[in-house]
Amino acid sequence: MSKPTISIVVAVTGNNHAIGNGGKLLVHISDDLKRFKAITRGHPIIWGRKTYESIGRPLPERTNIVITRNPEFKAEGCIVVPSLEDAIKKAGELDSEIFIGGGGEIYKEALPYVHKLYLTIVESDAEGDVFFPDWRKNFTKETFREERLDEKTGLKYTWVDLERV
Ligand SMILES: NC(=O)c1ccc[n+]([C@@H]2O[C@H](COP(=O)([O-])OP(=O)(O)OC[C@H]3O[C@@H](n4cnc5c(N)ncnc54)[C@H](OP(=O)(O)O)[C@@H]3O)[C@@H](O)[C@H]2O)c1
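Scope of this entry: the structure provided in the associated data block. This one's a predicted model, so the numbers in the text were calculated from it and none came from an experiment.

1. Quick word on the site of the ligand
In the region of the ligand, 27 residues are neighbours, and Arg49, Thr51, Thr68, Arg69 and Glu109 sit closest. Measuring from an oxygen atom of the ligand, one finds a side-chain N or O atom of Thr51 at 2.6 Å. For the ligand, an oxygen atom lies 3.3 Å from a polar atom in the backbone of Ile106. Starting from 930 Å² of accessible surface for the ligand in isolation, the protein chains cover 88%. The cavity where the ligand resides is the largest pocket.

Here it is, written out as structure tokens:
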């Protein structure tokens, strides 16, 4: 198979691009989780070990690939690999479109290889301890934007799809 298209899906806060705190997500927006599922369904998705453990199970209807340096690590129903390069290679053997699901370490390492970003930018000042790297210099081609309001939390957020130029 030729080289796959690699995409990141991530929700960041608008002020400082925080993505998590204490091993957990910062915000829970039901429609955003639905969008995440719809975008990634059917494609391989790559997780850092910490994010995988915070979810605790493979997501259904897609191949879940977990990266860890621990050769003993087991994750039922997942492919476990020792490096990002191995993860991308494995995923690319399965599909022409593959996704990076986080977290912070994996996003940072993967960003140079990524073609497309599916961002959710949340108007929240929730404090984070993990952040998304700065994408703004290399991803300037906007292909989609939608401003939204989450009725349950009252949070405003924007879906922005960007391509590398
Ligand atoms: N907002 C969002 O959209 C979003 C999405 C996903 C995650 N998150 C949040 O992000 C946070 C977790 O991010 P994180 O940065 O702490 O952890 P992470 O990126 O999920 O996982 C880090 C782990 O991945 C493994 N790893 C990283 N680079 C590697 C490499 N080059 N080779 C082999 N293994 C490698 C290591 O596992 P070992 O220690 O086992 O070796 C490392 O400890 C959580 O708060 C989570 O909720 C947010």
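Continuing now.
2. Some words on the side chain of His43
Looking at the element boundaries, His43 is found in the loop between helix 1 (30-40) and strand 4 (45-48). At 2.6 Å, the side chain of His43 and the side chain of Asp95 are in polar contact. Discounting residues that sit within four places of it in the chain, His43 has contacts with Arg62, Thr63, Asp95, Glu97 and Phe99.

3. Regarding the sheet that holds strand 11 (residues 156-164)
The strands that make up a sheet are held in pairs by hydrogen bonds between backbone atoms, and each pair lies either parallel or antiparallel. Ordered in space as 6-5-4-7-1-8-11-10, the eight strands form an open sheet in which the pairing is mixed. Taken across any chain shown, the strands that pair with only one partner, and hence form the sheet edges, are strand 6 (79-81) and strand 10 (139-149). Direction aside, the axes of adjacent strands within the sheet are offset by 20° on average. Sheet topology places strand 10 next to strand 11; nine bridges connect them, and they run antiparallel. When the bridges of strand 11 are listed, Glu147 appears paired with Thr158. Along the sheet, helix 1 contacts strand 1 (5-13), strand 4, strand 7 (97-102), strand 8 (116-122), strand 10 and strand 11; its crossing angle with strand 11, the most-contacted strand, is approximately 25°.

4. Re the pattern of salt bridges
Scanning the model with the defined rule gives eleven salt bridges in all. In this structure, Lys34 and Asp31 form a salt bridge, with 3.6 Å as the shortest nitrogen-oxygen distance. Placement of both Lys34 and Asp31 in helix 1 is noted, with a separation of three residues, approximately one turn of the helix. Among the residues examined, Lys34 registers a relative accessible area of 52% and is labelled exposed.

5. Some remarks on the packing of aromatic side chains
A full pass over the atoms with the stated rule returns six aromatic pairs. Taken together through their ring pairs, the aromatic side chains of Tyr107, Phe132 and Trp135 make up a single cluster. Sitting over the face of the ring of Trp135, Arg136 holds its NZ or CZ atom 5.9 Å from the ring centroid.

6. Some words on helix 1
Burial in helix 1 covers these residues: Asp32, Arg35, Phe36, Ile39 and Thr40. Taken down its axis, helix 1 places every buried residue within 115° of arc, on the same side. The exposed set on the far side of helix 1, more than 90 degrees from its buried face, consists of Lys34 and Ala38. Contacts from the buried residues of helix 1 go to strand 1, strand 4, strand 7, strand 8, strand 10 and strand 11. Of the residues trailing helix 1, Gly42 is marked for its positive phi of about 90°.

7. Comments concerning the pairing of strand 11
Pairing of strand 8 with strand 11, which is carried by seven bridges, proceeds in the antiparallel orientation. Paired with Lys116 across the two strands is Glu163, which belongs to strand 11. Taking the residues that link successive antiparallel strands as the turn, the strand 10-strand 11 hairpin has six residues, and the phi of Gly154 there is positive, at about 75°.

About the criteria used
- Residues numbered from 1 in each chain as written.
- Predicted model: local features only at pLDDT ≥ 70, side-chain atom pairs only at ≥ 80, totals over all residues.
- Heavy atoms only, no water.
- Near = heavy atom within 4 Å.
- Polar contact = N/O pair within 3.5 Å; in protein donor to acceptor, adjacent residues only side chain to side chain.
- Areas by Shrake-Rupley, 256 points an atom, 1.4 Å probe, with all protein chains shown as cover.
- 1 Å grid on protein atoms, 1.4 Å probe; cavity = no way out; pocket = protein on both sides within 12 Å on 5 of 7 lines; lining within 4 Å.
- Sits in = over half its atoms within 2 Å of the grid points.
- Helix = DSSP H or I, 4+ residues; strand = E, 2+ residues; numbered from the N terminus.
- Contact = heavy atoms within 4.5 Å.
- Pairing = 2+ DSSP bridges.
- Axes fitted to C-alpha atoms, helices over the stretch in contact; angles between N-to-C directions.
- Salt bridge = Lys/Arg side-chain N within 4 Å of Asp/Glu carboxyl O.
- Buried < 20%, exposed > 50% of the residue type's maximum accessible area, 1.4 Å probe, protein only.
- Phe/Tyr/Trp six-rings, centres within 6.5 Å; stacked < 30°, edge-to-face > 60°.
- Lys NZ or Arg CZ within 6 Å of the ring centre and 35° of its normal.
- Arc of directions from axis to C-beta.

Geometry only, nothing functional implied.
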